[in-house]
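For reference, the chains in residue letters:
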Amino acid sequence: MFGLANPERFMRFSAPLTAPAWGLAAVLLAVGTWLSFQAPPDYQQGDGVRMMFVHVPAATLGLMAYGALGSASLAALIWRHPLADAAARAAAVPGATFTFLALVTGAIWGKPMWGVWWTWGDARLTSVLVLFLFYLAYMALRSAIEDEARAARAAAVLGVVGLINLPIVKFSVDWWNTLHQPASLLRADGPAMTAAYLAPLLTMMAGYAALFLAVWLTGIRTEILGRRVRTLAARRAAEA
């Protein structure tokens, strides 16, 4: 891991992985979409149950992406790895996108089930919104400070602070009595759903994970190349 913190090594390591990651994501998402339409309607939700195959993976990847952002931010603060800041920055946009998708699909799914689009009384909804706001704050802070080093450090501190919210999102349905149902996938006694729903859900989750990996690797590589271009431009300007 520490060896890959060198940008040159990372570029060599990631070059043969990026295209396969995009291809794997496309295949898994296509298969998962097909399986989701083969799943039978739920006896209570009807065809609305298919929203689960979009909402749950999006919410899961929103959490995972922030875990990557926060961990990379922590590495940037402690060890100042050359690649840590680039990795944190590259995770922000896809993570925010997944989280926003989870909020939107959650509202669409919740309206016919709960009778409301949104309620502040639900701990899971509120904590996921806070997660989305952390993403926005991270990106806004990066853009607000002109000095790149100061912007990176300030954003890294915010990224680490945001890690506190992750267990709140995960365990909110266990700690408080909310509209959200308890966990139905990761349970001590096994998933609380049949294979007809479990197969498409797991396939879509794998597809979303592959998509995040592809976007993340591409983003890190783009950030490295962008910094090289800026460094060369500054060097030429100084020599002129």
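Residues numbered from 1 in each chain as written. Predicted model: local features only at pLDDT ≥ 70, side-chain atom pairs only at ≥ 80, totals over all residues. Heavy atoms only, no water.

### Structural notes on the confidence of the model for the chain
- In this model, the chain carries an average pLDDT of 89, and 93% of its residues clear a pLDDT of 70 or more.
- When pLDDT is averaged over each helix and strand of the chain, the minimum, 87, is found for helix α6 (residues 165-175) and the maximum, 96, for helix α2 (residues 52-78). (pLDDT = per-residue confidence, 0-100. Helix = DSSP H or I, 4+ residues; strand = E, 2+ residues; numbered from the N terminus.)

### Concerning the packing of aromatic side chains
- Tallying each qualifying case throughout the model produces six aromatic pairs.
- With centroids separated by 5.4 Å and ring planes inclined at 75°, the aromatic side chains of W118 and W120 adopt a geometry described as edge-to-face.
- We classify W118 as partly exposed; its relative accessible area is 29%.
- Residue W120 is classed as exposed on the basis of its relative accessible area, which comes to 61%. (Phe/Tyr/Trp six-rings, centres within 6.5 Å; stacked < 30°, edge-to-face > 60°. Buried < 20%, exposed > 50% of the residue type's maximum accessible area, 1.4 Å probe, protein only.)

### Here we look at the packing of α2 against helix α3 (residues 84-114)
- Running from N to C, α2 and α3 point in directions that differ by 155°, and their axes come no closer than 7 Å. By the criterion of interaxial angle, the relationship of α2 to α3 is roughly antiparallel. Viewed along their axes, α2 and α3 form a crossing whose handedness is left-handed.
- Grouping the amino acids of the contact of α2 with α3 by side-chain chemistry returns 19 nonpolar, seven polar and one charged. (Axes fitted to C-alpha atoms, helices over the stretch in contact; angles between N-to-C directions. Parallel < 35°, antiparallel > 145°, perpendicular 65-115°, else oblique. Left-handed = near helix turned anticlockwise from the far one by under 90°. Nonpolar A, V, L, I, M, F, W, Y, C, P; charged D, E, K, R; others polar.)

### Topic: the nonpolar core
- Residues M52, L69 and I220 are the most contacted members of the largest nonpolar core, which totals 46 residues.
- Of all the secondary structure elements, the ones that give two or more residues to this core are α1 (7-38), α2, α3, α4 (123-144), α6 and α7 (195-239).
- For this core, the element with the most residues is α3, which contributes 11 residues. (Core = buried A, V, L, I, M, F, W, Y, C linked by side-chain atoms within 4.5 Å.)

### Remarks on the pattern of salt bridges
- Scanning the model with the defined rule gives nine salt bridges in all.
- Here E223 makes a salt bridge to R230, at a shortest N to O gap of 3.8 Å.
- On the accessibility criterion, R230 (45% relative accessible area) is partly exposed.
- Salt bridges sharing partners connect three or more residues here, namely D85, R89, R142, E148, E223, R227 and R230. (Salt bridge = Lys/Arg side-chain N within 4 Å of Asp/Glu carboxyl O.)

### Some details on unusual backbone geometry
- Its identity is not glycine, yet R80 carries a phi of approximately 55°, on the positive side.
- Residue class for R80 comes out exposed when judged on its relative accessible area of 63%.

### Quick notes on α3
- For α3, with 31 residues, the first-to-last C-alpha span of 42 Å sits near the 45 Å given by 1.5 Å per residue.
- G115 occupies a position one or two residues after α3 and carries a positive phi of about 90°. (Expected span 1.5 Å × (residues − 1).)

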